Amino acid sequence: PKIYNNKLYLNVNKNSKIEVLRRAGKPENLYQLAENGSGEIEINVRILGFIAKNPFVDVCSECGRVVRDGRCNLHPEAKPARIIRVTAIIDDGFSSQYATLYQSLLIKLIGEDAVKSSLASLDISLVRERLNELALNEFKVKVSAYRSSRSNSGEEARTNMEIVEIQKFTEDDYKISI
């Protein structure tokens, strides 16, 4: 570093060695969680909408991982189970992110009848209708994030987010005591 006119100047080039002195703490918002690439955060969000592209997936009945070609790589003998998952677009005021909502949370949000009916008929319309009633509402969520590995097509690794807990705000949550 050099000081010129009472200002600090730092020249960094390909020969510079940069050492991390302090790691960033726990993420405080969705943007930081996405940048960090992994971790978990409890935060208040507004759900802007839902995307139900390919909502029906087969998962391993043992470990819950999505199966390919009807078989789990870890449990080839296990029978796959069909579940519903949708993507929620969530916003915390700092950024908007996509986060996956799996069947167990969908049941909590919209009811078991809608989920089971959609699974039986392979028709997402009832789930979509109930979810659209929840759009633009505020929720307290716990979001878990992990960085996916690079794909075979050479695309960059990306951060995947999953909502692992969700609770709708009630009128009591908005009350302020003075």
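Our structure is the block above this text.
Residues numbered from 1 in each chain as written. Predicted model: local features only at pLDDT ≥ 70, side-chain atom pairs only at ≥ 80, totals over all residues. Heavy atoms only, no water.

(A) Here's a closer look at the overall build of the chain. Check the secondary structure of the chain and you find five helices and eight strands. Counting from the amino terminus, helix and strand elements in the chain follow one another as β-β-α-β-β-β-β-α-α-α-β-β-α. Within the chain, the proportion of its 178 residues that are buried is 31%. Look at the contacts in the chain between residues 6 or more apart in sequence, and 58% of them connect residues 24 or more apart. A total accessible area of about 13,000 Å² is found for the chain, and carbon and sulfur atoms account for 46% of it. (Helix = DSSP H or I, 4+ residues; strand = E, 2+ residues; numbered from the N terminus. Buried < 20%, exposed > 50% of the residue type's maximum accessible area, 1.4 Å probe, protein only. Contact = heavy atoms within 4.5 Å. Areas by Shrake-Rupley, 256 points an atom, 1.4 Å probe, with all protein chains shown as cover.)

(B) Spatial organisation of the packing of helix H2 (residues 103-110) against helix H3 (residues 112-121). One way to put it is that H2 packs onto H3 with a least axis distance of 7 Å and a crossing angle of 130°. Our classification of the angle between H2 and H3 gives oblique. Contact with H2, carried on its side by Gln103, Leu106, Ile107 and Ile110, involves Glu112, Asp113, Ala114, Val115 and Leu119 of H3 and no other residues of that element. (Axes fitted to C-alpha atoms, helices over the stretch in contact; angles between N-to-C directions. Parallel < 35°, antiparallel > 145°, perpendicular 65-115°, else oblique.)

(C) Layout of the pattern of salt bridges. Taken as a whole, this structure holds seven salt bridges when the rule is applied. Lysine 142 is paired through a salt bridge with glutamate 40; the nearest N and O atoms lie 3.8 Å apart. Pair noted here: lysine 142 is in strand S7 (residues 138-147) and glutamate 40 is in strand S3 (residues 39-51), with a separation of 102 residues, a long-range link. The salt bridge partner of arginine 46 is glutamate 138, with a shortest N-O separation of 3.4 Å. In this pair, arginine 46 is assigned in strand S3 and glutamate 138 in strand S7, connecting sequence segments 92 residues apart. Classification of arginine 46 as partly exposed rests on a relative accessible area of 35%. (Salt bridge = Lys/Arg side-chain N within 4 Å of Asp/Glu carboxyl O.)

(D) Spatial organisation of the environment of alanine 52. Following the sequence through the fold, alanine 52 ends up in the loop between S3 and strand S4 (56-60). Taking the C-alpha atoms as reference points, alanine 52 and alanine 88, 36 residues apart in sequence, are found 8.8 Å from one another. Apart from the residues within four sequence positions on either side, alanine 52 is in contact with Val86, Ile124 and Arg128.

(E) Fine view of the state of the cysteines. Enumeration according to the criterion identifies zero disulfides in this entry. Here cysteine 60 is not cross-linked by a disulfide; its sulfur's nearest cysteine counterpart is in cysteine 72, at 3.7 Å. Take cysteine 72: its relative accessible area is 7%, and that puts it in the buried class. (Disulfide = S-S within 2.5 Å.)

(F) Main features of the packing of H3 against helix H4 (residues 125-134). Close contact between H3 and H4 brings their axes to 8 Å; oriented N to C, the two are set at 150°. Considering the angle they form, H3 stands roughly antiparallel to H4. In contact with Asp113, Ala114, Val115, Ser117 and Ser118 of H3, H4 contributes Leu126, Val127 and Arg130. Of the residues that constitute the contact of H3 with H4, the class distribution is four nonpolar, two polar and two charged. (Nonpolar A, V, L, I, M, F, W, Y, C, P; charged D, E, K, R; others polar.)

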